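Close look at the chain arrangement
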Amino acid sequence: MDIVHSLGKVALFRCFSDEELARFLKQGGMNLMHFEKDQLVALQGDACSSLDVIIQGSLSLQSIDEQGTVFKARVLEAGDVWGATLLFSRYNHYPMQVVCDRASSVVRLKKGLVLTLCTEKREFLVGLLQIISDRAHELGLTVTKLNEQTLRQSLLEYLHQLCRQQGGNTVMLPMSKTELANRLGFARTSLSREFTLLQHEGLLTFNGRKVCLHISSNS
């Protein structure tokens, strides 16, 4: 895999030319890592020492409660950057475990190289600060949802988001119901029960991963 070409496609790194990225690669501090499905990438409590760029595949930030229920706080897809909020923090330990959802390739940039990139290009520094700010905002929203939203509210909000993304009231779930339950932070059986209740109430119909909503996003 061409690290330079892959990084050049990521928004944060577009301010650099391929020649500049190739120069940084030769200087060291940049490594390509490969992870298999279900492989543990980082344990909760591990120190974060790199800025990670997902080139292909997907990773997720997970926590597991005493009952064994998995909650996926965030799913990282190709093009996403992880570690920006931890790398320069005095509290730079992963708050959750990081697990590989699909076979993934990740470019890891050491702290020294990230500092060099910040001094080389103001656009990179601004982009990194924007990522940090966005993560802080998303964390606040996640905490609010966990404290306030029921399973029904979380599910319907997610389905309406899919409708907007896929351009219609009939959508295909991009993940299994088990994965969706983990992402929403509820048990798989509770999610299945809620789908059935919503169908009985005429709010939606579903067949496998195909879901048709019968209510507008303003309902």
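The notes below deal with the structure included here. (Residues numbered from 1 in each chain as written. Predicted model: local features only at pLDDT ≥ 70, side-chain atom pairs only at ≥ 80, totals over all residues. Heavy atoms only, no water.)

**Let's talk about the side chain of lysine 72**
To be explicit about the condition: Runs of H or I in DSSP of at least four residues are treated as helices and runs of E of at least two as strands, each being numbered from the N terminus. Side-chain atoms alone can form a polar contact between residues adjacent in sequence; in general such a contact is a pair of N or O atoms within 3.5 Å, and within protein one must be able to donate a hydrogen while the other accepts it.
Here lysine 72 lies in strand E4 (residues 70-77). A polar contact of 3.3 Å, which involves the side chain of lysine 72, links it to the side chain of aspartate 101.

**Looking at the nonpolar core**
Keep this limit in mind: Joining through side-chain atoms within 4.5 Å is the link that ties buried Ala, Val, Leu, Ile, Met, Phe, Trp, Tyr and Cys residues into a set, and such a set is a nonpolar core. Only protein chains enter the area calculation, which uses a 1.4 Å probe; residues under 20% of their type maximum are buried, those over 50% are exposed, and those in between are partly exposed.
Phe13, Leu51, Val53, Leu109 and Phe124 are the most contacted members of the largest nonpolar core, which has 25 residues in total. Elements that contribute at least two residues to this core include exactly helix H1 (3-8), helix H2 (18-27), strand E3 (50-64), helix H3 (84-87), strand E6 (97-110), helix H4 (111-120) and helix H5 (122-148). Broken down by element, the residue count for this core peaks at four residues, all from H4.

**Concerning the packing of aromatic side chains**
Put simply, the test is: Pairing of aromatic side chains requires ring centres within 6.5 Å, counting the rings of Phe and Tyr and the six-membered ring of Trp. Pairs whose planes differ by under 30 degrees are stacked, by over 60 edge-to-face, and all others tilted.
Per the stated rule, a full pass over the model turns up five aromatic pairs. Ring centres of phenylalanine 13 and phenylalanine 124 lie 5.5 Å apart, and the angle between their planes is 55°; on these two criteria the pair is classed as tilted. Separated by 111 residues along the polypeptide, phenylalanine 13 in the loop between H1 and H2 and phenylalanine 124 in helix H5 bring together distant segments of the chain. Comparing phenylalanine 13 with phenylalanine 124 shows no difference in burial state: the two are buried.

**A word on unusual backbone geometry**
Even without a glycine there, the phi angle at aspartate 38 is positive, about 75°. Its location among the elements puts aspartate 38 in the loop between strand E1 (30-35) and strand E2 (40-42).

**Some points on the sheet that holds strand E7 (residues 170-172)**
Note on sheets: strands pair through backbone hydrogen bonds, and any given pair is parallel or antiparallel. For clarity, the cut-off: In this analysis, strands are considered paired if DSSP registers two or more bridges between them. Note on geometry: axes are C-alpha line fits, over the in-contact stretch for helices, and angles between N-to-C directions span 0 to 180 degrees. Should any heavy atoms of two residues lie within 4.5 Å, those residues are counted as being in contact.
Within the open sheet, the three strands sit side by side as E7-E9-E8. Their pairing is antiparallel. Because the sheet does not close on itself, it has two edges, and the strands there are E7 and strand E8 (204-207). Strand-to-strand twist across the sheet, computed as the mean angle between neighbouring axes with direction ignored, equals 20°. Sheet analysis places E7 next to strand E9 (residues 210-213), joined by three bridges and oriented antiparallel. Its bridge partner lying in E9, threonine 170 is registered against cysteine 212. The sheet contacts of helix H6 (residues 151-166) involve E7, E8 and E9, and relative to E7 the element is tilted by about 95°. Strand contacts of helix H8 (residues 188-200): E8 and E9, with the helix running at about 130° to E8, the strand carrying the most contacts.

**Considerations on H8**
In plain terms, the rule: For a helix, the expected span equals 1.5 Å multiplied by the residue count minus one. Summarising the geometry, the arc corresponds to the directions from the helix axis toward the C-beta atoms.
Its 13 residues give H8 an end-to-end C-alpha distance of 19 Å, which sits within 8% of 18 Å, the value for a rise of 1.5 Å per residue. Of all the positions in H8, only Leu191, Glu194, Phe195 and Leu198 are classed as buried. With its buried residues spanning 100° around the axis, H8 presents them on a single face. Residues of H8 that are exposed and point over 90 degrees away from its buried face: Thr189 and His200. Turning to H8, the residues buried within the fold contact H6, helix H7 (177-184), E8 and E9. Glycine 202 occupies a position one or two residues after H8 and carries a positive phi of about 80°.

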